[in-house]
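# A structural walkthrough
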Amino acid sequence: MTKFCPNCGEENEDAAVFCRSCGHDLKDVDQRIRTDKRAKTSSNALNFKALAALVVIVAIVGIMAFSFIGHSNSNDSQNITLIKENAYGFTFVNDGVPYYNYYLDGVFTNLEGDFQGYDMKARFIDENGSLVKEYRDDYMKYAFSDSKKSQTSTLASIQTNELYNVSYIQVEIMDPNGDIVFNESVDFDMAKMDLSGLEK
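The structure contained in this document is the topic of the report that follows. (Residues numbered from 1 in each chain as written. Predicted model: local features only at pLDDT ≥ 70, side-chain atom pairs only at ≥ 80, totals over all residues. Heavy atoms only, no water.)

Positionally, Thr 160 belongs in strand β7 (residues 153-160). Of the residues examined, Thr 160 reaches a relative accessible area of 8% and is grouped as buried. At 2.7 Å, the side chain of Thr 160 and the backbone oxygen of Glu 162 are in polar contact. Apart from residues no more than four positions distant in its own chain, Thr 160 is found in contact with Pro 98, Tyr 99, Tyr 100, Tyr 102, Val 132 and Lys 133. (Helix = DSSP H or I, 4+ residues; strand = E, 2+ residues; numbered from the N terminus. Buried < 20%, exposed > 50% of the residue type's maximum accessible area, 1.4 Å probe, protein only. Polar contact = N/O pair within 3.5 Å; in protein donor to acceptor, adjacent residues only side chain to side chain. Contact = heavy atoms within 4.5 Å.)

What follows is the structure, given as structure tokens:
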């Protein structure tokens with residue numbers, strides 16, 4: 001074992017009577033120095049344990065907060081609903097060119113705030129699962145305005161020059177971060193596609 005000189009800090013043999021560096025008398029301070037060193041070591045160990053415990057607590061609180069925020073966002077997305085939806089179509093001919101129009105009418109409920117920065121897109125998908133065309137409503141200026149009045153309006157529409165057998169419309173609302181807060185598909189019944197406009 002060793003002991004340290006209280007005068008200069010030099011490490012000495014445990015049996016030393018005088019410090020080998022400065023000559024300080026080590027007889028009366030031997031036990032006290034060793035006790036102080038053990039106390040310091042014990043104190044350092046306690047400080048490290050307290051710091052480790054604090055880090056663990058902060059990590060747990062952070063995980064819980066993140067989990068709560070994620071849960072809150074998923075609840076928000078479930079609160080938005082699309083009601084009174086009506087998917088239909090009509091046709092007309094202009095200068096010998098046929099036009100096929102596909103529409104989705106409806107109203108969103110539980111739209112909160114001003115939805116600034118939110119986007120809505122509706123993808124018209126055919127019977128093979130392929131994208132026919134996509135409609136986008138940037139900032140949801142139309143859907144939001146009419147939904148606040150609980151007024152059914154056209155939420156999405158596309159126009160093509162050939163007939164596609166649209167099977168459904170996939171409607172999504174994205175927040176300013178690009179996260180999807182609403183995602184729902186609406187069936188499109190081709191029996192509601194009015195083809196009489198092609199006969200004129």
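Tallied over the full model, the rule gives five aromatic pairs. Measuring from ring centre to ring centre gives 5.5 Å for Tyr 88 and Tyr 103, while their planes differ by 15 degrees; the resulting arrangement is stacked. Taken as a pair, Tyr 88 in strand β3 (residues 81-94) and Tyr 103 in strand β4 (residues 97-109) lie far apart in primary sequence, 15 residues in all. Considering the side-chain rings of Phe 108 and Phe 182, the 5.4 Å spacing of their centres and the 85 degrees angle between planes classify their relative orientation as edge-to-face. Of this pair, Phe 108 sits in strand β4 while Phe 182 sits in strand β9 (residues 180-187); the two residues are 74 residues apart in sequence, bridging distant segments of the chain. Both residues of the pair, Phe 108 and Phe 182, count as buried. (Phe/Tyr/Trp six-rings, centres within 6.5 Å; stacked < 30°, edge-to-face > 60°.)

For the rest of this paragraph, the subject is the state of the cysteines. Cysteine pairs can be covalently joined through their sulfur atoms, and such a bond is termed a disulfide. Tallied over the entire structure, the rule returns zero disulfides. Unpaired in this structure, Cys 5 has its nearest cysteine sulfur neighbour in Cys 22, at a distance of 3.7 Å. Exposure remark for Cys 22: the relative accessible area of 37% places this residue in the partly exposed category. (Disulfide = S-S within 2.5 Å.)

All right, on to the sheet that holds strand β8 (residues 166-174) then. Spatially, the four strands line up as an open sheet ordered β6-β5-β8-β9, and their pairing is antiparallel. Across the chains shown, the open sheet's two edge strands, defined by having one partner strand only, are β6 (131-138) and β9. Here the strands of the sheet are splayed against their neighbours by 15 degrees on average, with no regard to which way each runs. Where β8 lies against β9, seven bridges are found, and the strand directions are antiparallel. (Pairing = 2+ DSSP bridges. Axes fitted to C-alpha atoms, helices over the stretch in contact; angles between N-to-C directions.)

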